[in-house]
Amino acid sequence: MKIAVTAQKPSLDSPVDPRFGRCAYFLVVETEDLSFEAIENTNTGSASGAGIQSAQLMAEKGVKFVLTGNCGPNAHQTLSAAGIEVMVGASGIVREAINNFKKGTYAAANQPSVAGHFGMGAGTPQSANPSAFGRGGMGGGMGMGRGMGGGRGMGMGRGMGRGMGRGMGQGMGGSFNVGQPPSLPTKPSTTENERALLKEQAEALARQLNEIQGRLRQLEGTGPAQKAAIVDPELCTGCGACVEVCPNNAIGLREGKAVVMEGDCIMCGSCVDICPENAITLP
């Protein structure tokens, strides 16, 4: 059976990389004899779409299962659409993770374990714990002054703390690495962190605006009579851009082509605007 494991190095003795879309390497392994192909992940520095591109690569390699620490929503949807089951929570050494898979230790995840853009700009990950969204101090290395969580992290819980120089509360995350390791200077990373946060907020607002405008067209009777955007399979290249931008998760990939779920499509037009091949239209 062919499976893929996210790894920090191209070796079975490498630590498991807890990120899927932005892992350092994919090890495509034959479980019968542990022969493998190490594939360097070229999507680690992508501004967006890393999860989708990585998931498409796994589909091309014909893997049946993916072992990783965490998996975001877009990657999980793309892998599921390709018939690939995702096992999150893998940690330790790759060889050990494969043995645990053979023993049935892992269960298929029916939903993503982290939010979108997980692992962006995080450098070498320090934790593969999929539940690292609360318990302690949120990573350590992206605070303002001495951090935003108990003195040196980025937590945002239990009030506003002692001002911007000493943190904002006691923190609300254990090992969620959103920046550089604690031993490195934190001030240079503040601007990059703020820029990434603002960009993510702007993208979310744009999706909300498209959704509202699509619903208004429906209510005012100016929208199309049909219920879903139309994909021309002749033009579609399966790039996944429409999957990433859809505000209602109504688009998936099947056999390398975009597919619109009619019951979920709100016809906001986001997919039409972003498609590089003009393969999507509103009826």
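Provided above is the structure to which this section pertains.
Residues numbered from 1 in each chain as written. Predicted model: local features only at pLDDT ≥ 70, side-chain atom pairs only at ≥ 80, totals over all residues. Heavy atoms only, no water.

What about the packing of helix α1 (residues 50-60) against helix α2 (residues 73-81)?
Part 1: Look at α1 against α2: their axes get within 8 Å of each other, and the N-to-C directions meet at 25°. Regarding the angle of α1 to α2, the classification is roughly parallel. The way α1 lies across α2 gives a crossing that is right-handed. Residues G51, I52, A55, Q56 and M58 of α1 form the contact with α2, whose own contacting residues are N74, A75, T78 and L79.
Part 2: Partitioning the contact of α1 with α2 into residue classes produces five nonpolar, four polar and no charged. (Axes fitted to C-alpha atoms, helices over the stretch in contact; angles between N-to-C directions. Helix = DSSP H or I, 4+ residues; strand = E, 2+ residues; numbered from the N terminus. Parallel < 35°, antiparallel > 145°, perpendicular 65-115°, else oblique. Left-handed = near helix turned anticlockwise from the far one by under 90°. Contact = heavy atoms within 4.5 Å. Nonpolar A, V, L, I, M, F, W, Y, C, P; charged D, E, K, R; others polar.)

Here we look at unusual backbone geometry
Part 1: Phi is positive for E255, which is not a glycine, with a value near 50°.
Part 2: Along the chain, the position of E255 falls in the loop between β7 (251-254) and β8 (257-260).
Part 3: Not every positive phi belongs to a glycine, and M267 is a case in point at roughly 55°.
Part 4: Checked against the element boundaries, M267 lands in the loop between β8 and α6 (270-274).
Part 5: Residue class for M267 comes out buried when judged on its relative accessible area of 5%. (Buried < 20%, exposed > 50% of the residue type's maximum accessible area, 1.4 Å probe, protein only.)

Quick look at the pattern of salt bridges
Part 1: Counted according to the given criterion, the structure contains three salt bridges.
Part 2: Residue R95 is joined to D13 by a salt bridge in which the shortest nitrogen-to-oxygen separation is 3.2 Å. Here R95, found in helix α3 (residues 94-103), pairs with D13, found in the loop between β1 (2-7) and β2 (25-30); they are 82 residues apart in sequence, far enough to count as distant.
Part 3: We classify R95 as partly exposed; its relative accessible area is 33%.
Part 4: D17 is the salt-bridge partner of R19, the closest N and O atoms lying 3.2 Å from each other.
Part 5: A relative accessible area of 9% places R19 in the buried class.
Part 6: With relative accessibility at 0%, the residue D17 sits in the buried group. (Salt bridge = Lys/Arg side-chain N within 4 Å of Asp/Glu carboxyl O.)

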